[in-house]
Amino acid sequence: MKGQKITNRWTVVVGAILIQLALGAIYAWSVFTALLTEPNGDYGFSATQTAWVFSIGLATFAVVMVFAGKWQAKSGPTIVALTGGLVLGAGYILGGIFGSSFLAQLLFIGVLGGTGIGLAYVVPIAVGVKWFPDKKGLITGLAVAGFGFGATIWVKLAGSWFGGLLNTSSAFGLPSVQSVFVIYGIVFAIMVVMGSLVMVNPPAGYKPEGYEPPVNHTAKTSGGVEFDSSHMLRTKQFYAIWVVFIFSALAGLMVIYCIKLFGIDALEYNGITNAGVITGTAMAWYAIFNGLGRIVWGMISDKLGRKRAIFFMTLFQGVIMLMIYHIFIRFGVTSGFIASACIIGFNFGGNFALFPAITADFFGNNTVGKNYGWMFTAYGFAGIAGPQLAGHFKDSATASSGPVVWMAPFIIAGVACLIGSVIILLTKPPK
């Protein structure tokens, strides 16, 4: 299947954002966790179980990207993105109809939904880099910014806008969480299918007007030396960047999963009565800054170079993760909580502009669609480790523990980010 003929390369960016707005649904998972874990509610899941749905979705997303990268290189980007949208939509619709149990949600939301995201996600990145070799950082940021912004839309629609779908909807007589899954599934499928129609590669030999590829293969401006995946996987640079990606993504994914649970614990401990509303606001701001971080860090990396940008991003994230408990709990509880969520979301978003761009820099612009799928498996590891880390400590806590239970996972994630900043600083481009 072929998409539409593109006469303006910015049309691709519009389609990319439309696709990513729908794919960002996975980052809205925290809005459902409070209802899913209510002891006397419709589900009664444990914190660890809700973490597993989220983690399996992230891991499946990452693994499927390896296959999707190869498929779009062979069959073209349009069919891969379109298939991803239909699979994602089916996962949420089936998760709504049959998702009364943990296993059903794990299968439909986690596995099937994660598969749809993994198929569609790589396409805007691969297509965007080919149309914009002169603005890789900016375009990878824009191409995936919708992922972060989309979470804001889905969180607020479910939780508060127009009364909140979780409070007002009852599709097919289903409980509120499952009703929202059905509604979202239909919307996601439509959005991704529409965006897929403009996911088209540029003509062979295409160069933007006035652009000349760099002669020297350097960390700042490169991508002219093409590595196939098998060659890339034999370089030490791949594994260094891969580990840094795990450490950096772990912090943000842990916070996405636990921001509502952590926020309610800490706010109520400090006597705040409307904790649920405040955590919803923090989740929305996290998602907004997640989207902004993808654009801003991408622009920064075009100026400073990808290595330096990743170094500063991981260093900043590590410091914030180590400070959040004491700053948030001790001073300005509500404002500190929301500000911390914004900063962590901003840095986390940078991962999705910087790591595809450095993959293109180090291993080639034209092979980034295939190669980034392998790099993105780091996200799958982080998607399991981060939420499970938070879920384990939460389930192990006693009733008298209060928010102190969250110190350990935040410290672990912060130290991991600091280690990542050192590793990337020592990593040189392959020759």
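Computed from a prediction, not measured in an experiment: that's the story for all the values here.

## Some remarks on the packing of aromatic side chains
Thinking step 1. Applying the stated criterion across every chain yields a total of 32 aromatic pairs.
Thinking step 2. Each ring, one from tryptophan 10 and one from phenylalanine 132, has its centre 4.8 Å from the other, and the planes form 65°; the classification is edge-to-face. A residue pair is termed long-range when its members are at least 10 positions apart, and tryptophan 10 in helix α1 (residues 10-23) and phenylalanine 132 in the loop between α5 (102-131) and α6 (136-159) qualify at 122 residues.
Thinking step 3. Judged by its relative accessible area of 38%, tryptophan 10 falls in the partly exposed class.
Thinking step 4. Between phenylalanine 352 and phenylalanine 376 the ring centres are 6.4 Å apart and the planes differ by 55°, which places this aromatic pair in the tilted class. A residue pair is termed long-range when its members are at least 10 positions apart, and phenylalanine 352 in helix α13 (residues 333-363) and phenylalanine 376 in the loop between α14 (368-375) and α15 (377-396) qualify at 24 residues. Residues phenylalanine 352 and phenylalanine 376 agree in their burial class; the two are buried.

## Overview of the nonpolar core
Thinking step 1. Core analysis: the biggest nonpolar cluster contains 129 residues, and Tyr27, Tyr121 and Tyr379 have the highest contact counts within it.
Thinking step 2. A per-element tally of this core places helix α10 (residues 236-269) first, with 20 residues.
Thinking step 3. Apart from the residues within four sequence positions on either side, tyrosine 121 is in contact with Gln20, Leu23, Phe61, Met65, Val144, Phe147, Arg294, Phe352, Tyr372 and Phe376.

## Digging into empty space enclosed by the protein
Thinking step 1. Enumeration according to the criterion identifies 3 cavities of 30 Å³ or more in this entry.
Thinking step 2. Among the elements of the structure, α10 and α11 (275-304) are those that each provide at least two residues to the lining of the largest cavity.
Thinking step 3. A total of 4 residues in the lining of the largest cavity trace back to one element, the largest contributor, which is α11.
Thinking step 4. When grouped by side-chain class, the residues that make up the lining of the largest cavity number 8 nonpolar, 2 polar and no charged.
Thinking step 5. In this structure, the second largest cavity spans a volume of roughly 50 Å³.

## Brief notes about the packing of α1 against α5
Thinking step 1. In the contact formed by α1 and α5, the axes pass within 10 Å of each other and the chain directions differ by 160°. Considering the angle they form, α1 stands roughly antiparallel to α5. The two elements α1 and α5 cross, and the hand of that crossing is left-handed. Touching Val12, Ala16, Ile19, Gln20 and Leu23 of α1 are Ile117, Ala120, Tyr121, Pro124, Val127 and Trp131, all from α5.

## Things to note about the pattern of salt bridges
When their charged atoms lie close together, side chains carrying opposite charge are able to pair.
Thinking step 1. Counted under the stated rule, the structure contains 2 salt bridges.
Thinking step 2. Residue aspartate 302 pairs with arginine 306 through a salt bridge whose shortest N-O separation is 2.8 Å.
Thinking step 3. Exposure remark for arginine 306: the relative accessible area of 3% places this residue in the buried category.
Thinking step 4. Residues arginine 306 and aspartate 361 are paired through a salt bridge, measuring 2.8 Å at the closest nitrogen-oxygen approach. Of the two residues, arginine 306 is situated in helix α12 (residues 306-330) and aspartate 361 in helix α13; the sequence distance between them amounts to 55 residues.
Thinking step 5. Three or more residues joined by partner-sharing salt bridges are found here, namely Asp302, Arg306 and Asp361.

Calculation criteria
- Residues numbered from 1 in each chain as written.
- Predicted model: local features only at pLDDT ≥ 70, side-chain atom pairs only at ≥ 80, totals over all residues.
- Heavy atoms only, no water.
- Phe/Tyr/Trp six-rings, centres within 6.5 Å; stacked < 30°, edge-to-face > 60°.
- Helix = DSSP H or I, 4+ residues; strand = E, 2+ residues; numbered from the N terminus.
- Buried < 20%, exposed > 50% of the residue type's maximum accessible area, 1.4 Å probe, protein only.
- Core = buried A, V, L, I, M, F, W, Y, C linked by side-chain atoms within 4.5 Å.
- Contact = heavy atoms within 4.5 Å.
- 1 Å grid on protein atoms, 1.4 Å probe; cavity = no way out; pocket = protein on both sides within 12 Å on 5 of 7 lines; lining within 4 Å.
- Points joined across faces, edges and corners; volume = space filled by probe spheres on them.
- Nonpolar A, V, L, I, M, F, W, Y, C, P; charged D, E, K, R; others polar.
- Axes fitted to C-alpha atoms, helices over the stretch in contact; angles between N-to-C directions.
- Parallel < 35°, antiparallel > 145°, perpendicular 65-115°, else oblique.
- Left-handed = near helix turned anticlockwise from the far one by under 90°.
- Salt bridge = Lys/Arg side-chain N within 4 Å of Asp/Glu carboxyl O.

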